[in-house]
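Examining the three-dimensional arrangement
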Number of protein chains: 2
Amino acid sequence: MHNSFGFDLRALEVFIQIVDGGNMTAAAERLGMTQSSISQSLANLEKNLDTQLLDRSVRPIEITRAGRFFYDKACQLLQEARTTSQAMQKGRFDKLRHVRIALVDSLATAVGKPLADAVKRHTEQWSMTTGLSHMHGEALLSRTVDIIISDDALMDYPELSRFRILREPFMLVLPKSFTGEVKQLEPLIKQLDFVRYPAHSLIGQRIERNLRYRRTGW
Amino acid sequence: MHNSFGFDLRALEVFIQIVDGGNMTAAAERLGMTQSSISQSLANLEKNLDTQLLDRSVRPIEITRAGRFFYDKACQLLQEARTTSQAMQKGRFDKLRHVRIALVDSLATAVGKPLADAVKRHTEQWSMTTGLSHMHGEALLSRTVDIIISDDALMDYPELSRFRILREPFMLVLPKSFTGEVKQLEPLIKQLDFVRYPAHSLIGQRIERNLRYRRTGW
DNA sequence: CTCTCTTACGGATTTCGTAAACATT
DNA sequence: AATGTTTACGAAATCCGTAAGAGAG
């Protein structure tokens, strides 16, 4: 095999046609090839994956569990390859067609408006969604959105582009009735109730870390 | 080109390595090939796509707008190919690792529980989300979820499996104080306020169609 | 001058068609 | 028997390395 995956797009195309058509002869006709080539292609695919995808000991051919799993993945891969190919053919990269932005609710008013204006100058359509930043990471990685404004830089994914747009200090908010002097947080936390973000959110973790730092020196 | 896309997975791998490494020599080293092969592979890719991806008239090499677009798609395709390949290598299709289900809120209690029990018998982890059925279609197609329970059968996508699980009659709910006889809807709608689903939702459209049928005979 | 990319050429590999043998119903 | 799949074999296309030429800085 000339790549590290055990399959290439051509092999996926053949496999899908066999499954859709129910037999190799039909697949061959649809793809403009001989049935023999189809058979060889499938045999190679199964050898490279080291997995049986179809059960040829019965007619009509039956798909195995592994084959059904692979078929689903293959459809998705081919669909994406197809749309990518079409986008390249069209060849319009100067102006995007539809830019989808996701940001946390709290930033929608502060950053949302100027960003929307900037995006509007370069695109025809755009849309904006809000929600939890963790969802947005997923959405960006699955290409459901194009831009996220997030406290999570997703550093594990080198293919993303990042731009620092905002830096905020942590603020301690106290009741007006509070008169004492604030030098350390430790006694304050014992004295007053403390409202903070949930510990499983990214911002919550950073606050906890910050508190620990101020309390213990690290 | 032996497939209809203008590229194969190998070519994407080469292209990404050139972009990541910044030059062909580094890419060649990383891929265990000669720099010459890299050059040819890229040249072929550009020829097949009929698009210039990199600007070689400057050092270091610069990526074009089309190239940046293609790079993003290529990363996604390769990432999916990689995870698919790994899943096939592991070869465990008898028990899924994590099944994600999405259904409309109104069905969560009625169907959710028995479905969850059934899924639990065949999987290790599972999760369930609710929301609008239109979102669920998208989520299924982008493989963010594995199962949806929906009124939209997504008939445009032959690669999906469908199972009819529930059939509900349309109900007309009237105030207790209403005493007249109901034979036709037409006079009733003029007489009373009518609460229905929004017209842009799928269920709303079906209700409208049903009303029109009952009123006009079609 | 140095580093990097392109091009010409040829061998190795892969892909695909023909034709005949083999399998399933 | 009819329909459909595998296998052997060879031609064509593709991939990739060597080596020499071309271009950028």
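Residues numbered from 1 in each chain as written. Chains lettered and ligands numbered in written order. Predicted model: local features only at pLDDT ≥ 70, side-chain atom pairs only at ≥ 80, totals over all residues. Heavy atoms only, no water.

An unreviewed UniProt entry lists chain A under the name HTH lysR-type domain-containing protein, with Zobellella aerophila given as the organism. As stated in UniProt under Sequence similarities (unreviewed entry), the record for chain A gives "Belongs to the LysR transcriptional regulatory family." (UniProt positions renumbered as here; feature names shortened; annotations may be inferred.)

Further remarks concern the layout of surface pockets. Residue and element names in this part refer to chain B. Approximately 250 Å³ is the volume found for the second largest pocket. Looking at the second largest pocket, it is lined by 13 residues, and the ones nearest its centre are I16, D20, C75, Q79 and R82. Listed by contribution, the elements that provide at least two residues to the lining of the second largest pocket are helix 1 (9–21) and helix 4 (65–90). When grouped by side-chain class, the residues that make up the lining of the second largest pocket number 7 nonpolar, 2 polar and 4 charged. (1 Å grid on protein atoms, 1.4 Å probe; cavity = no way out; pocket = protein on both sides within 12 Å on 5 of 7 lines; lining within 4 Å. Points joined across faces, edges and corners; volume = space filled by probe spheres on them. Helix = DSSP H or I, 4+ residues; strand = E, 2+ residues; numbered from the N terminus. Nonpolar A, V, L, I, M, F, W, Y, C, P; charged D, E, K, R; others polar.)

A few words now on the interface of chain A and chain B. Accessible area lost during the coming together of the parts is what is often quoted as the interface size. Opposite the 38 residues of chain A that make contact, chain B presents 38 residues. A buried area of about 3900 Å², summed over both sides, lies between chain A and chain B, and 62% of it is on carbon and sulfur atoms. Summed over the three residues of chain A that lose the most area to chain B, namely A:F5, A:M88 and A:F93, the buried surface amounts to 18% of that side. For the pair chain A and chain B, the number of links is 2 salt bridges. Across the pair B:D72 and A:R143 runs a salt bridge whose closest N-O atoms are separated by 2.6 Å. (Contact = heavy atoms within 4.5 Å. Buried area = accessible area lost by both parts, 1.4 Å probe. Salt bridge = Lys/Arg side-chain N within 4 Å of Asp/Glu carboxyl O.)

What follows is about the relation of the copies chain A and chain B. Each copy superposes on the other: chain A lies on chain B with an RMSD of 0.1 Å after a rotation of 180° and an axial shift of 0.0 Å. On the angle and the small slide along the axis, the relation comes out as a two-fold axis. Looking at the interface residues of chain A, 100% of them are also at the interface in chain B, so both copies use one shared face. (Least-squares fit on C-alpha atoms with pLDDT ≥ 70 in both.)

All names here are of chain A. A cluster of nonpolar side chains, L172, L174, V182 and F194, forms an exposed patch at the surface whose accessible area comes to about 290 Å². Locating V182 in the fold gives a position in the loop between strand 5 (147–149) and helix 7 (185–191). Given a relative accessible area of 39%, V182 falls into the partly exposed group. (Patch = residues over 30% accessible without salt bridge, like charges linked within 9 Å, V, L, I, M, F, W, Y side chains within 5 Å. Areas by Shrake-Rupley, 256 points an atom, 1.4 Å probe, with all protein chains shown as cover. Buried < 20%, exposed > 50% of the residue type's maximum accessible area, 1.4 Å probe, protein only.)

Near DNA strand D, the surroundings consist of 21 residues, among which A:Q35, A:S36, A:S39, A:R56 and B:S37 are the closest. Between DNA strand D and the protein, one listed contact pairs a phosphate oxygen with a backbone N or O atom of B:R59 at 3.1 Å. Only helix 2 (24–31) and helix 3 (35–49) of chain A together with helix 3 (35–49) of chain B provide two or more residues apiece to the surface near DNA strand D. Broken down by element, the surface near DNA strand D gets its largest block of residues, 4 residues, from helix 3 of chain A. (Near = heavy atom within 4 Å. Polar contact = N/O pair within 3.5 Å; in protein donor to acceptor, adjacent residues only side chain to side chain.)

Looking now at the protein's contact with DNA strand C. Taken together, 21 residues form the shell around DNA strand C, and within it A:S37, B:Q35, B:S36, B:S39 and B:R56 come nearest. When the atoms of DNA strand C within 4 Å of the protein are grouped by moiety, sugar and phosphate amount to 62% of the total. At a separation of 2.5 Å, a phosphate oxygen of DNA strand C approaches a polar side-chain atom of A:S37. Here a phosphate oxygen of DNA strand C and a backbone polar atom of A:R59 are 3.0 Å apart. Residue assignment for the surface near DNA strand C shows that the elements contributing at least two residues are helix 3 of chain A together with helix 2 (24–31) and helix 3 of chain B. Ranked by residue count, the leading element in the surface near DNA strand C is helix 3 of chain B, at 4 residues. Residues that form the surface near DNA strand C fall into these classes: 5 nonpolar, 12 polar and 4 charged.

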